[in-house]
Amino acid sequence: QVQLVESGGGLVQAGGSLRLSCAASISFFSFSINSMGWYRQAPGSQRELVAIITRGGSTNYADSVKGRFTISRDNAKNTVYLQMNSLKPEDTAVYYCNIATTFDSYWGQGTQVTVSS
């Protein structure tokens, strides 16, 4: 069973920055990993994709965060990051880390990000 532990959330003013981290119990050198991503869910809304990085290193972002958020990974630490800059109140949500493998999809417990205006 793959375990994901997120950290880095918190309260920040609009225009500020946060970096989320997701430490995984699976080696990022595993060929079974297809992608790693960050999703978010605001109250009353569906969970949505924020950013994703594939095994080959390609990245994709939601239009709402392009140019402000950056997803990256450290294979040696089995950790995926989400650098969030120029935060807006509408970025307020619970952020979830996801790793999709050939066999299953795994989720972290979520970390709250609150952006005040």
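Relevant structure appears above.
All figures in this text were calculated on a predicted structure; none of them were measured in a lab.

**Student:** So, the side chain of S32: which residues are in play, and what are the values?
**Tutor:** Within the secondary structure, S32 is located in the loop between β3 (18-24) and β4 (33-41). One polar contact links S32 to S30, side chain to side chain, over a distance of 2.8 Å. Once residues within four sequence positions are removed from consideration, S32 is found in contact with I26, A100, T101, T102 and F103.

**Student:** With reference to specific residues and values, describe the state of the cysteines.
**Tutor:** Counted according to the given criterion, the structure contains 1 disulfide. Bridging C22 to C97, the disulfide has an S-S length of 2.1 Å. Taking the sign of the S-S torsion, -80° for the link of C22 and C97, the bridge is left-handed. Separated by 75 residues along the polypeptide, C22 in strand β3 and C97 in strand β9 (residues 93-101) bring together distant segments of the chain. Grouping residues by exposure puts C22 and C97 together as buried.

**Student:** I'd like a description of the packing of aromatic side chains, backed by residues and values.
**Tutor:** With the rule as written, the count across this model stands at 1 aromatic pair. Ring centres of Y39 and W107 lie 5.0 Å apart, and the angle between their planes is 65°; on these two criteria the pair is classed as edge-to-face. Placement of Y39 in strand β4 and of W107 in strand β10 (residues 105-107) is noted, with a sequence separation of 68 residues between them. In this structure Y39 comes out as buried when scored by relative accessible area, which is 19%. Relative accessible area serves as the criterion here: at 38%, W107 is assigned to the partly exposed category. Directly above the ring of Y96 sits R47, whose terminal nitrogen or CZ lies 3.7 Å from the centroid. Here the basic side chain of R47 rests over the ring of W107, its NZ or CZ set 4.6 Å away from the ring centre.

**Student:** Any chance you could break down the sheet that holds strand β1 (residues 4-7) for me, citing the residues and the numbers?
**Tutor:** Strand order in the open sheet formed by 4 strands is β1-β3-β8-β7, and the pairing between neighbours is antiparallel. Pairing within the sheet leaves two strands with one partner each, and these edge strands are β1 and β7 (69-74). Strand after strand, the sheet turns through a mean of 15° between neighbouring axes, direction not considered. Note: β3 against strand β8 (residues 79-84), 6 bridges, orientation antiparallel. Across the sheet, C22 pairs through a bridge with V80, a residue of β8.

Rules used throughout
Residues numbered from 1 in each chain as written. Predicted model: local features only at pLDDT ≥ 70, side-chain atom pairs only at ≥ 80, totals over all residues. Heavy atoms only, no water. Helix = DSSP H or I, 4+ residues; strand = E, 2+ residues; numbered from the N terminus. Polar contact = N/O pair within 3.5 Å; in protein donor to acceptor, adjacent residues only side chain to side chain. Contact = heavy atoms within 4.5 Å. Disulfide = S-S within 2.5 Å. Buried < 20%, exposed > 50% of the residue type's maximum accessible area, 1.4 Å probe, protein only. Phe/Tyr/Trp six-rings, centres within 6.5 Å; stacked < 30°, edge-to-face > 60°. Lys NZ or Arg CZ within 6 Å of the ring centre and 35° of its normal. Pairing = 2+ DSSP bridges. Axes fitted to C-alpha atoms, helices over the stretch in contact; angles between N-to-C directions.

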